[in-house]
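So you can see what is in the structure, the chains are spelled out below.
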Amino acid sequence: MLGSLQNLARRTVRALLARRTPGRTIAGGLAATLLLAGVAFVAGKGIASAGFSTHAGTAWLGTTPRGSVTLVDATSGRPSAEIVLPGTAGHRLQISQDGDTILVYDPSTGVLTKIDSGRLTAGPARATVPGVRLVAGAKAAYLVDYGAGTAQRIDLATLENVGPVIRVPGHLGTAGVDGQGTLWVPRSDDGMAVPVTSNGLGTPVDVQGRGSSMAVSIVGGRPVVVDGTKGRVSVLTATGVAWSAALPGAGSGAALLAPSAQDKGRLPLVDKAGGRLFVVDTDAHKVRAVRLDTGGGHDLGAPAMNGDRVYVPDQTTGSVLVYSTSRNTWEPSFPVSGKAGPIDTLPQNDAVYFNDTESSHAVMVGADGTPRPVRKFTPAQPGAKKSPSPAGPVLPGSTPSVPAIRPSVPGSGPSGPVTRRTPGPGVPSRPYGKSTSPGIPTTPSDTPTDGTSTPTPPTTPTPTPPTTPTTQPTTPAPEPPGAPTGVDAAPQPGGSIRVSWTPPSGAPKNISYTVSYTDGGDSSGSVQTTSTVLTVDATRLVFLRTYTFSVTAHTDGGDSPAATAKARSGGDGKSFTVDVSKTTTDPVNPCTDLPNCRATMRQDPTHDSAATGEAPQGSTVVGYCHKDGQSIGDDDGVRSTQWVLIESGGKRGYVSTLWLGGANAYQSVWPCP
């Protein structure tokens, strides 16, 4: 019976998810916030898709203290499932949602987890370095390290790398992914917006933003650069700027707040310093400016637009400001938490969710502009045990349905104080037992109506037979789980390592794992997950070092023994035969005496870098990866820019692919990180 109910619940959730129009949504205030010099951009909160009824749809919302994400149903205002991610309690999570593709990123630990929306469990995970940002769109997702100037596209299904790491040098602003899956990165060094795909860098577009603080918002699938220093917006195409406009009154040093994406052609912006709301219509090429008077000093969040209304979270008051573009007026605000604290904004289909990340509270606003309360979980009462609530949470203003508690009656049960239930709203309080209130009839007694007293005949007490003490059954303490089985560590392109395993026999649903890794020296770490697949990113590892991975299971009964596997970052490489017979004309490494010729290994893929060793003609070497470098030619006129990192005689260095079998020899190894 229980299995049937669980299957029914899963089918219901899948049906709700399937009804949504696909549209990438991202929530996670702190996780998606980047403070830039002169301008603060809160990257945002998603792409809303048209064609959906007001009350239909679902959304995944995070709760910081619990380290969890909850699937909530807009129709009932109740949770459908809550997934607790170990090691994330107290961390503000970034959630990316596109149909059944749900990604949860913890910037504090660098762990990215995919939610299995069919099973309502945590799916594959990968570990990156803390501080890397997840930038996702409807067709692609990237891990962007703004400090290091790198971008790595990842597969939305497996979370594995797609193509090599792309380097984008310079001072970078907040990036965005357009409707075609291209990552657009603004760069203040030269005022360009740089397009990035898994194939590399595209042709930069000049947005006249040299020295400016910039961010990219995706509006109707198109990239729009917001320049906070100059107070301008620029709509981009693959070949240039389609339209640009100034923001009236937004001068240098404006504190602009911009959502990462909007589904229609209008982009709302908030100038905190200037006290203005801007609505940029990228289709009609118009900009509307409206005074925003909060009294000053309020912590506002990135605005979101749904229908003809703009919503601005006020994290100082725990409420949301509402501006109607059709009526050109501010409407009454509504509370989310009612107190100071972070609010995440999540446009999802024809609705916007405002999530109090610190509590169970959230609010959904549909196309009609009516706020509706949503609960992510039922808060536990003081001293009460946490337990599942089949009926779901109680919405504000409603009366909870609580089973009646019968009073203890002498002779009918255990003696002791009577437990009373606090009456709900509008319910008069009345003590349990016989009433002594005027006007309420009492139970008939043996007292005659003439006022005389009839003595009660004495009774002989009935002896109570002795009872045999019974031993109450006790629940045995849970036992620790067995060790995970089938642990496998597999090197991946770029230096990352994928670790997978099978849960121990009889594993409960609340099992979690710790994956620890070490090279036996100065490189080590650990990651917590509920998944059975974890990719440890190359940024956590030292390339070409061998690591031991230990997987430990955790349940209420304790910890399991560790199961281990080993793998080398970058893999074990491929064998190559050195052939420098056609380098007699090479100006740096000429071969004039073939039996004694050598291939000189270099520190970098260029003849100008320092020599690190030599590989003799005809010897077998191990090649690990290839890298683009200086163009080299052989005696036949064949040229190549590809160099291979090899190992020979205990030393490593780069040699041209031409000396290892030809122009295409490098293709048998992965790109270097």
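Residues numbered from 1 in each chain as written. Predicted model: local features only at pLDDT ≥ 70, side-chain atom pairs only at ≥ 80, totals over all residues. Heavy atoms only, no water.

**Looking at the overall build of the chain**
Inference 1: Scanning the chain for helices and strands turns up one helix and 51 strands.
Inference 2: Across the 673 residues that make up the chain, the buried fraction comes to 49%.
Inference 3: A separation threshold of at least 6 residues defines the contact pool for the chain, and within that pool the share at least 24 residues apart is 51%.
Inference 4: For the chain, the exposed surface amounts to about 31600 Å²; the carbon and sulfur share of it is 53%. (Helix = DSSP H or I, 4+ residues; strand = E, 2+ residues; numbered from the N terminus. Buried < 20%, exposed > 50% of the residue type's maximum accessible area, 1.4 Å probe, protein only. Contact = heavy atoms within 4.5 Å. Areas by Shrake-Rupley, 256 points an atom, 1.4 Å probe, with all protein chains shown as cover.)

**Some remarks on the nonpolar core**
Side chains of nonpolar character tend, in soluble globular proteins, to be buried together.
Inference 1: By size, the foremost hydrophobic cluster in this structure holds 26 residues, and its most contacted members are I646 and L660.
Inference 2: Looking at this core, the elements that each hand over two or more residues are β46 (598-602), β48 (620-633), β49 (639-648) and β50 (651-656).
Inference 3: The contact partners of I646, leaving out residues within four places of it in the chain, are M601, A615, V621, V622, G623, K651, R652, G653, V655 and L660.
Inference 4: Counting 23 residues, the second-largest nonpolar core is a separate cluster that includes A489, Y513, A563 and A565. (Core = buried A, V, L, I, M, F, W, Y, C linked by side-chain atoms within 4.5 Å.)

**A short note on the sheet that holds strand β33 (residues 343-347)**
Inference 1: Strand order across the open sheet formed by four strands is β33-β34-β35-β36, with antiparallel pairing between neighbours. One side of each edge strand has no neighbouring strand; the edge strands of this open sheet are β33 and β36 (371-375). The average undirected angle you get between the axes of adjacent strands in this sheet is 25°.
Inference 2: Bridge count between β33 and strand β34 (residues 352-356): five bridges; the pairing is antiparallel. The residue bridging I343 from the neighbouring strand is D356, located in β34. (Pairing = 2+ DSSP bridges. Axes fitted to C-alpha atoms, helices over the stretch in contact; angles between N-to-C directions.)

**So, the pattern of salt bridges**
Inference 1: For the structure shown, the criterion picks out 15 salt bridges.
Inference 2: Here E82 and R66 are joined by a salt bridge, their closest N and O atoms 2.7 Å apart. With a gap of 16 residues between them, E82 in strand β6 (residues 78-84) and R66 in the loop between β4 (58-63) and β5 (68-73) connect regions that are remote in the sequence.
Inference 3: Exposure remark for E82: the relative accessible area of 29% places this residue in the partly exposed category. (Salt bridge = Lys/Arg side-chain N within 4 Å of Asp/Glu carboxyl O.)

**Quick look at the state of the cysteines**
Inference 1: Counted under the stated rule, the structure contains two disulfides.
Inference 2: Taking only the cysteines that form disulfides and numbering them from first to last, the chain has the pattern 1-2, 3-4. (Disulfide = S-S within 2.5 Å.)

**A few points about the pairing of strand β35 (residues 361-365)**
Inference 1: In terms of burial, β35 is a largely internal element, four of the five residues being buried.
Inference 2: Note that β34 and β35 share four bridges and pair antiparallel. Its bridge partner being in β35, N355 is matched across the sheet by A362.
Inference 3: A loop of four residues connects β34 with β35, the two strands running antiparallel in sequence.
Inference 4: Taking the residues that link successive antiparallel strands as the turn, the β35-β36 hairpin has five residues, and the phi of G369 there is positive, at about 80°.

**Some remarks on the sheet that holds strand β14 (residues 166-167)**
Inference 1: In spatial order, the strands read β11-β12-β13-β14; together these four strands make up an open sheet with antiparallel pairing. Edge strands, defined here as strands with exactly one partner in the open sheet, are β11 (133-136) and β14.
Inference 2: Of the strand pairs in this sheet, strand β12 (residues 141-145) and strand β13 (residues 150-154) are connected by five bridges, and their pairing is antiparallel. Within the sheet, the bridge partner assigned to L143 lies in β13 and is Q152.

**Focus: the side chain of T583**
Inference 1: Positionally, T583 belongs in the loop between β45 (574-577) and β46.
Inference 2: Apart from the residues lying within four places of it in its own chain, the contact partners of T583 are N589, P590, C591, D635 and W659.

**Focus on the pairing of β48**
Inference 1: Across four bridges, the pairing between β45 and β48 is antiparallel. Its bridge partner being in β48, K574 is matched across the sheet by G623.
Inference 2: With eight bridges connecting them, β48 and β49 associate as antiparallel partners. Residue pairing for β49: V622 is matched across the bridge by E647.
Inference 3: The hairpin formed by β48 and β49 contains five residues between the paired strands, and G637 there has a positive phi angle of roughly 85°.
Inference 4: Across two bridges, β48 lies against strand β51 (residues 670-671) in parallel orientation. Bridge pairing in β51 links H626 to P671.

**Observations regarding unusual backbone geometry**
Both trends apply: most residues other than glycine have a negative phi, and most peptide bonds are in trans.
Inference 1: A positive phi angle, near 60°, is found at H285, a position not held by glycine.
Inference 2: When you line up the elements, H285 lands in the loop between β27 (276-281) and β28 (286-291).
Inference 3: Even without a glycine there, the phi angle at N328 is positive, about 55°.
Inference 4: Looking at the element boundaries, N328 is found in the loop between β31 (319-324) and β32 (329-335).
Inference 5: Accessibility expressed as a relative area gives 52% for N328, which makes it exposed.

**Points about the packing of aromatic side chains**
Inference 1: This model, assessed by the stated rule, comprises eight aromatic pairs.
Inference 2: Arranged with centres 6.3 Å apart and planes meeting at 65°, the rings of Y517 and Y547 form a pair that is edge-to-face. Here Y547 lies in strand β42 (residues 546-555) and Y517 lies in strand β39 (residues 512-518), a separation of 30 residues in the sequence.
Inference 3: For Y517, a relative accessible area of 4% translates into the label buried.
Inference 4: On the basis of relative accessibility, which here comes to 0%, the residue Y547 falls in the buried class.
Inference 5: Above the face of the F377 ring, R66 is positioned so that its terminal group lies 3.8 Å from the ring centre. (Phe/Tyr/Trp six-rings, centres within 6.5 Å; stacked < 30°, edge-to-face > 60°. Lys NZ or Arg CZ within 6 Å of the ring centre and 35° of its normal.)

**Description of the environment of Q642**
Inference 1: Within the element layout of this structure, Q642 appears in strand β49.
Inference 2: Taking the C-alpha atoms as reference points, Q642 and L658, 16 residues apart in sequence, are found 8.4 Å from one another.
Inference 3: What Q642 contacts, discounting residues up to four positions off in sequence, is H626, K627, D628, S656, T657 and Y666.
Inference 4: Among the polar contacts made by the side chain of Q642, one reaches the side chain of D628 at a distance of 3.3 Å. (Polar contact = N/O pair within 3.5 Å; in protein donor to acceptor, adjacent residues only side chain to side chain.)

**A closer look at the confidence of the model for the chain**
Inference 1: Looking at the chain, pLDDT values average 80 and 77% of them are 70 or higher.
Inference 2: Every residue in residues 28-56 scores below 50 in pLDDT, and together they form 117 contacts with partners more than four places removed in sequence or on other chains.
Inference 3: A low-confidence stretch, residues 466-471 (pLDDT under 50), is modelled with zero contacts involving residues beyond four sequence positions or located in other chains. (pLDDT = per-residue confidence, 0-100.)

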